[in-house]
Amino acid sequence: MSLLCNTGDWFTLGQGNAFRKIELYTMEWPGSINLEHMRVYAAPYGGPIAVVKDPKLFVKLDGGASTRPIIRIFNCVGKLLSSINWDCGNLVTLGWSDAEELIGVQDDGTIFLHDMFGNFVHKFSVGKDVTDVADARIFTSASGTGVAVMTSGFKIYILNNIKDPKSRPLSELLNLTSSLTCWEMVCKDRTTSCLLASGNEITLVRHGDNAFTNTTPAMRHDYQSISLLAVSFDHEHVALLTNTGCLWMGSWDLKRKYCEFATGRQEQANQLVWCIDGSTGPDGQAVIVCYAHLLLVVGASGESSVYTYDTPVALIPEMDCVRVLTNYCHELVQRVPPSTSKIFGINISEPASFLFEAHRKFRDRSHQSDEYLCLIQHRLPAAVADCVQAAGHEFDPSTQKCLIQAAYFGKSFLSGYDCTDYITMCRTLKVLNVLRDRNVGIPITIQQFNHLQPVVILDRLVFRKYYGLAIHIAKYLKLQETRILEHWAFQKITHDKNDDEVARKIAAKFSSAGLREPMSYANVADKAQQIGKTKLAITLLEMETKKKLQVPLLLKLGACEKALIAATQSGDIDLIYMAILEMKNTTALAKFHMTIRRYPLAQNLYKKYCQLNSLSTLKDIHSQEDDFLSQAELALREALQLGNLDASIPDISGNYRKAGKQVEADLADETKKLIRHQKLLQDKYQKDFFGLALHAMVRKLLQLGDQRYAEKLKSEFRMSDRRFWWLRVQTYADNYQWEELEKLGRAKKSAIGYEPFVEVCLAKQNVTEAKKYLPRCDEETKLKCCYADAATIAFMQKDIDSLLKIHDHCNDSALMAKVENMIGQLSSKK
């Protein structure tokens, strides 16, 4: 499109409201397609187009042709994507979900979902009581895509979300009759409402409410009924067309009237749609009335424009425009964006227009370029921004290029200019031009692109199987390619028969993707498992690097040993336990034990699990493995817990000997003898001897005065003389049995010397008794005791000087600390 023709298809509807018509494509319909005999159901945002023969028209059939409806799905260029031979019930209507799935509503209340390639996805019923659907509407709700059906008894049921199909009647008190002429759905503030036209009245009923009011739109022209209703794409505006050809435009709640327009045409219109620009106000909005070969565009100000066609016309409302579909071409009608109007409008003196002209003169090497720049030097940033925005709204690449070059030219005169918007627009335009190419056929506007976001655009390319293009766009926009590669892998798994070749191709593709993080095979393997390709799923999972994803899926697929290997390689205790327990529950016990023996880490963890939860199982494991040491330790631990050590000692001792642990076996035997003595002493003295060590038992016997039995234990258990002497000395001192201590000291030569005698006497503050043993001690002990006695006497006499002398000559650290404490106490009293 030449710039000289840029405004050729512009038309105005009121002051400052310019609209334009842009040709998108010439159509490639098959020869059998004639829109005059067809019903057209197109998805928004440049989505696929479903075409089916109009059942109300009588059309001559070729010989052998089926009378069952055939749904053909095309892209926006008219290229056939798929066909569906509808062999179920009678179709009431078709529509598209927000995920570009074809929704088919039957008269028996069944709703079918197919993808754009005709593959069946899902079906469900509106409700058990809904079996006679006469009409239906497919609409966008706050929850997703909704469906409303009307029965032959004029009862309306609503599903707000086809992904969670729960239907409810519109209102129990609503009483409709055959006078109902048209109805439409409105979704506002997360509430679904219904507009019902009956005669010259419109009833607004909210979903679930039992109170509603009737409204009669005020018109200057008389009418008997309302033939068509139209709700805008954003559910903000409503238009209605009467039987007399009068058009009424107003707010969605019918409380505000924008304008009333007499079309002057008595024939029945085919369609009534809103052409909005994305703003919420009524200014700048328009309504298009579609007749057989004519389009009547009416603005909110009451002005109109007419377009005639040689072929039937179908209208496709969008969020910021209306697409026009004919037998030969695909066009777009929209309000001229403000940034575009500032540049190409007639008699415009905006900065952006001067900047565009300055750039054009600069390319012509004219000095007038500088004159235009001088006119807008203080408004140059706004001019650059308008040129960038206007480029985004253009469909012609040459016009985009001129506008971007004008913006580039203008920003070169700005210091500190932020290029973010400029660079973003350049990237976006490159992506938009690829999407709009007739080989792809997605003619979305920049406003729709920004609304959907690039991630959704990539998903839609993937659904159309444009994997290469989607990957290139993802790299160009610096987005993740993971979902694209996964979907490609899903298609390979579904349609290719050679599993080994499929696994090889997927691995090669994933490894060569050049991603920051390795691709995960878990989702792909899960998909393979869902369609019954278990072997392929296991092969793919073996290449998964993330063990937390790999192990659960391997267990789900029944590859328990592979899952156990992966879990042990990860070192993750939780994963290993998951694999062990699942394997134990799904495998024969003997095979399980034979398998787990090959993996020491897993076996040790399983033993730990059995130790806490099943000691009998742990015993069986030790017995099967001839692990006598573990058997002995387990029996000893269990006997100690149960208090049944005496009965278990023989087994414990025997297992220790089989394990080659002679020392432990001897200790076990001695423990048995010790327990026997404890029982005898318990019965003899009626005191608690159980659980005491040999040392404690001997000491307790000495305290009880049973020296004979104590010596018996000493002899039987080979207790050393030094230890026995120590026990006797400490026991006599604790019991203040100084005579017995003296007898012990005189009896024979002490096995521990006589320093312990002195120490225990001093510990009990008995200096007199300690002096009895000093002559038999060495010189160091004697000196230490002398110093101790001297310090005690000096402290009692409060002689600090003597204490200081003792401190200077004493070498024993304990005595020095004691003397320091005495000096401190005496000093604090002065």
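Residues numbered from 1 in each chain as written. Predicted model: local features only at pLDDT ≥ 70, side-chain atom pairs only at ≥ 80, totals over all residues. Heavy atoms only, no water.

So what's going on with the pattern of salt bridges? Residues and values would help.
Using the criterion set out here, one finds 24 salt bridges in the structure. Residue glutamate 267 pairs with arginine 265 through a salt bridge whose shortest N-O separation is 2.6 Å. Residue class for glutamate 267 comes out partly exposed when judged on its relative accessible area of 37%. By relative accessible area, which is 29% here, arginine 265 ends up partly exposed. For aspartate 499, the salt bridge goes to lysine 533, with nearest N and O atoms at 3.8 Å. Separated by 34 residues along the polypeptide, aspartate 499 in helix H10 (residues 499-511) and lysine 533 in the loop between helix H11 (522-530) and helix H12 (534-541) bring together distant segments of the chain. Judged by relative accessible area, aspartate 499 falls into the partly exposed class, the value being 21%. Salt bridges sharing common partners tie together Glu100, Arg460 and Arg464. (Salt bridge = Lys/Arg side-chain N within 4 Å of Asp/Glu carboxyl O. Buried < 20%, exposed > 50% of the residue type's maximum accessible area, 1.4 Å probe, protein only. Helix = DSSP H or I, 4+ residues; strand = E, 2+ residues; numbered from the N terminus.)

Go over the pairing of strand S25 (residues 294-299) with me, naming the residues and quoting the values.
Judged by how many residues are buried, S25 sits mostly within the fold: 6 of 6 residues are covered. Residues Leu294, Leu296 and Val298 point to one face of S25 and Leu295, Val297 and Gly299 to the other, with burial holding for every one of them. Taken together, the 5 bridges between strand S24 (residues 286-290) and S25 define a ladder with antiparallel strand orientation. For cysteine 290, the partnering residue across the bridge sits in S25 and is leucine 295. Hairpin connection between S24 and S25: a loop of 3 residues separates the two successive antiparallel strands. Both S25 and strand S26 (residues 304-308) contribute to a ladder of 5 bridges, which runs antiparallel. Bridge pairing in S26 links valine 298 to serine 304. Taking the residues that link successive antiparallel strands as the turn, the S25-S26 hairpin has 4 residues, and the phi of glycine 302 there is positive, at about 100 degrees. (Pairing = 2+ DSSP bridges.)

Talk me through the pairing of strand S19 (residues 226-231); I want residue IDs and the actual numbers.
Extensive coverage of S19 is indicated by the burial of 6 of its 6 residues. Of the pairings in the sheet, the one linking S19 to strand S20 (residues 237-242) comprises 5 bridges and is antiparallel in character. If you follow alanine 230 over to S20, its bridge partner there is alanine 239. Linking two consecutive strands that pair antiparallel, namely S19 and S20, is a turn of 5 residues; a positive phi of about 60 degrees is found at histidine 235 within it.

Go over unusual backbone geometry with me, naming the residues and quoting the values.
The backbone of aspartate 189 sits at a positive phi, close to 55 degrees, despite the residue not being glycine. Counting through the fold element by element, aspartate 189 comes out in the loop between strand S15 (180-188) and strand S16 (191-198). The backbone of lysine 478 shows a phi angle near 60 degrees, a positive value even though the residue is not glycine. Along the chain, the position of lysine 478 falls in the loop between helix H8 (467-476) and helix H9 (482-495). Classification of lysine 478 by relative accessible area gives exposed; the value is 67%.

Outline the nonpolar core, supporting the account with residue identities and numerical values.
If you look at soluble globular proteins, the nonpolar side chains tend to sit buried side by side. Grouped together as the largest cluster of nonpolar side chains are 93 residues, with contacts concentrated most on Leu355, Leu435, Ile506 and Leu540. Residue contacts for leucine 435: discarding those within four places in its chain leaves Tyr25, Val440, Gly441, Ile442, Ile444, Phe449, Ile457, Leu461 and Ile473. Formed by 20 residues, the second largest nonpolar core is a distinct cluster that contains Met249, Ala269, Ile276 and Tyr291. (Core = buried A, V, L, I, M, F, W, Y, C linked by side-chain atoms within 4.5 Å. Contact = heavy atoms within 4.5 Å.)

Give me the lowdown on the packing of H9 against H10, citing residues and values where you can.
The N-to-C vectors of H9 and H10 enclose an angle of 170 degrees; their axes lie 10 Å apart at closest approach. Of the possible angle classes, the one that applies to H9 and H10 is roughly antiparallel. Packed against H9, whose contacting residues are Leu485, Trp488, Ala489, Lys492 and Ile493, the element H10 presents Val502, Lys505, Ile506, Lys509 and Phe510 at the interface. Of the residues that constitute the contact of H9 with H10, the class distribution is 7 nonpolar, no polar and 3 charged. (Axes fitted to C-alpha atoms, helices over the stretch in contact; angles between N-to-C directions. Parallel < 35°, antiparallel > 145°, perpendicular 65-115°, else oblique. Nonpolar A, V, L, I, M, F, W, Y, C, P; charged D, E, K, R; others polar.)

Any chance you could break down the side chain of threonine 326 for me, citing the residues and the numbers?
Inspection of the secondary structure puts threonine 326 in the loop between strand S28 (322-325) and strand S29 (329-335). Note on threonine 326: relative accessible area 1%, which makes it buried. Reaching out from threonine 326, the side chain makes a polar contact with the backbone nitrogen of tyrosine 328 at a distance of 3.1 Å. Dropping the residues within four chain positions of it, threonine 326 is found in contact with Met27, Trp29, Leu35, Tyr309, Thr311, Pro312 and Val313. (Polar contact = N/O pair within 3.5 Å; in protein donor to acceptor, adjacent residues only side chain to side chain.)

Lay out the packing of aromatic side chains with the relevant residues and their values.
One pass over the full model with this rule turns up 13 aromatic pairs. Residues tryptophan 86 and phenylalanine 112 carry aromatic rings whose centres are separated by 5.3 Å and whose planes lie at 80 degrees to one another, so their mutual orientation is edge-to-face. Taken as a pair, tryptophan 86 in the loop between strand S6 (80-85) and strand S7 (91-96) and phenylalanine 112 in strand S9 (residues 110-114) lie far apart in primary sequence, 26 residues in all. Neither tryptophan 86 nor phenylalanine 112 differs from the other in exposure class; each is buried. (Phe/Tyr/Trp six-rings, centres within 6.5 Å; stacked < 30°, edge-to-face > 60°.)

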